[in-house]
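Structural characterization, general
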Amino acid sequence: MYHGGPVMGTASTGALVLTPIFWNPAGHPMDASYKNILTTYLQDVAKDSGKSTNVYSTLNEYYGSNGPNRYKVKAGTPIEDPNPLPADGCRLIGVDKKNIYAHNTGYDSCLDDNQLIAEIDSVLASRGLPRDYAHNYVLFLPKHVESCFFAGSTATASNACTINHEPSGAFCAYHNQASSGTVYSNMPFPIYLSPVGYTCGSNAHGHGIIESPNGNPDADTEVSPTSHEVMEAATDPDTTVINRHDYLTQEEFSNNDFAVTNNGCLQHT
C-alpha cells in the first residue's frame, strides 16, 4: 500500500535495478542450482520489463512524489558474498536448533536487521555501488540462519523473526530502506513443510504440496517472497510465466482492474 513519498523506477531515478547478493560464507553453502534459478528469475523479470503479461505490469499504476513508476527493470550483476557471519545479534533459543526445516534441521545463527544492513552496505562500499531509488539489493541468506528485526531473545514476540517455535515467528521475508539510503530485501532461506506448522511455500491455502516448476523446491519456494518484496504487494500464490519460463509467484493487486471488475487480483494483464 502506498503511503506517500517517492517510489522506485521513475523517470528521475531511471530503471529499477535488481541485484541479488548471495551471502554464503564457509559453513553455510548455497546450492549452485538455487542461486542460478533465483538469478535467472530476476533476469527474466528484466527481460519481460514493460510487457503486460506478468504481475510486474501493475507497477505502472503507482505514482510517487517523484513521479510514476515506469515499469522498467534491469538485472544487476549477481554478487557472491563469502564474508563470515558476525556473532549473533539476536539470541537463538535451543528448541529452534532443530525441527525448523522439512528435514528437521534448524537454526545455528541469528542475525538482526542492523547486522544485515551493515553487511549489505559493506558489500556495496567495497564495490562502489549506489544507494538510491533505482537500486534494490536482494539479500539471500543461507540455510540455518534465523533473522529478526531486532536484537535480543527470539522468545520476545516484538522482536519479530523468521518462522520458529517462539511467539516471535512473524515473516518469510521483508523489504526496508536503511538510513544510508540502501533499499534492500531480506530473503531468508525458505521454510516449508516445517514441523513448526507454518510455511513460506505453496502448501499453504489448501494447496497441500510444494510445487516446483524448476525442479528445485528451495529456489521455487523462494521466488514467490522475492516477487512479493520486489513488488511490495501480494495476494495468493499461483503460477506465472515470465520470459517464457515458469515460476510460482503470488498474484498482485491491480487498482485499475479492481475499478473495472471488482476483483483486482492478477496473474498478468
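Note that this is a predicted model, so its numbers are computed, not measured.

1. Re the nonpolar core
- Membership of the largest hydrophobic core comes to 39 residues, with the highest contact counts inside it found for Leu18, Tyr34, Tyr56 and Phe140.
- Within the residue set of this core, elements represented by two or more residues are strand E1 (16–23), helix H1 (32–47), strand E8 (135–140), strand E14 (183–187) and helix H3 (217–231).
- It is H1 that provides the largest number of residues to this core, a total of seven residues.
- Core analysis: the next-biggest nonpolar cluster, separate from the first, contains 18 residues, Leu111, Val123, Leu139 and Tyr184 among them.

2. Here's the deal with the pattern of salt bridges
- Counted according to the given criterion, the structure contains three salt bridges.
- Residue lysine 35 pairs with glutamate 80 through a salt bridge whose shortest N-O separation is 3.1 Å. Linking lysine 35 in helix H1 with glutamate 80 in strand E5 (residues 79–81), this pair joins segments that are 45 residues apart in sequence.
- For lysine 35, a relative accessible area of 14% puts it in the buried group.
- Taking the relative accessible area as the measure of exposure, glutamate 80 reaches 41% and is therefore partly exposed.
- Here aspartate 121 ties to arginine 131 by a salt bridge, and the two come within 3.0 Å at their closest N and O atoms. Here aspartate 121 is found in helix H2 (residues 113–127), whereas its partner arginine 131 is found in the loop between H2 and E8, with ten residues between them in sequence.
- Of the residues examined, arginine 131 reaches a relative accessible area of 35% and is grouped as partly exposed.

3. Quick look at H1
- The terminal C-alpha atoms of H1, which comprises 16 residues, lie 22 Å apart, in line with the 22 Å expected from a rise of 1.5 Å per residue.
- When we look at burial in H1, the residues that qualify are Tyr34, Lys35, Ile37, Leu38, Thr39, Tyr41, Leu42, Asp44, Val45 and Ala46.
- Here H1 starts with a cap whose side-chain oxygen sits 2.9 Å from the backbone nitrogen of serine 33, and that cap is aspartate 31.

4. Regarding the packing of H1 against H3
- The contact between H1 and H3 brings their axes to 9 Å, and the two run at 35 degrees. Here the hand of the crossing between H1 and H3 comes out right-handed. Facing Tyr34, Ile37, Leu38, Tyr41 and Leu42 of H1, the residues of H3 in contact are Asp218, Ala219, Asp220, Glu222, Val223, Thr226 and Ser227.
- For the contact of H1 with H3, a count of residues per class yields seven nonpolar, two polar and three charged.

5. Thoughts on the packing of aromatic side chains
- Under the counting rule described, the total for this entry stands at eight aromatic pairs.
- Measuring from centroid to centroid gives 6.0 Å for tyrosine 101 and tyrosine 107, while their planes differ by 75 degrees, and the two rings are edge-to-face. The pair formed by tyrosine 101 and tyrosine 107 is uniform in burial state, with each residue classed as buried.
- Judged by centre distance (4.5 Å) and plane angle (50 degrees), the rings of phenylalanine 149 and tyrosine 174 are tilted. Taken together, the positions of phenylalanine 149 in the loop between strand E9 (145–148) and strand E10 (152–153) and tyrosine 174 in strand E13 (residues 174–177) put the pair 25 residues apart, joining distant regions of the chain.
- Overall, tyrosine 174 belongs to the buried group, its relative accessible area being 6%.
- Every member of this aromatic cluster is reached through a ring pair, and the members are Tyr34, Tyr101, Tyr107 and Phe189.

Here is what the cut-offs are and how they apply
- Residues numbered from 1 in each chain as written.
- Predicted model: local features only at pLDDT ≥ 70, side-chain atom pairs only at ≥ 80, totals over all residues.
- Heavy atoms only, no water.
- Core = buried A, V, L, I, M, F, W, Y, C linked by side-chain atoms within 4.5 Å.
- Buried < 20%, exposed > 50% of the residue type's maximum accessible area, 1.4 Å probe, protein only.
- Helix = DSSP H or I, 4+ residues; strand = E, 2+ residues; numbered from the N terminus.
- Salt bridge = Lys/Arg side-chain N within 4 Å of Asp/Glu carboxyl O.
- Expected span 1.5 Å × (residues − 1).
- Polar contact = N/O pair within 3.5 Å; in protein donor to acceptor, adjacent residues only side chain to side chain.
- Axes fitted to C-alpha atoms, helices over the stretch in contact; angles between N-to-C directions.
- Left-handed = near helix turned anticlockwise from the far one by under 90°.
- Contact = heavy atoms within 4.5 Å.
- Nonpolar A, V, L, I, M, F, W, Y, C, P; charged D, E, K, R; others polar.
- Phe/Tyr/Trp six-rings, centres within 6.5 Å; stacked < 30°, edge-to-face > 60°.

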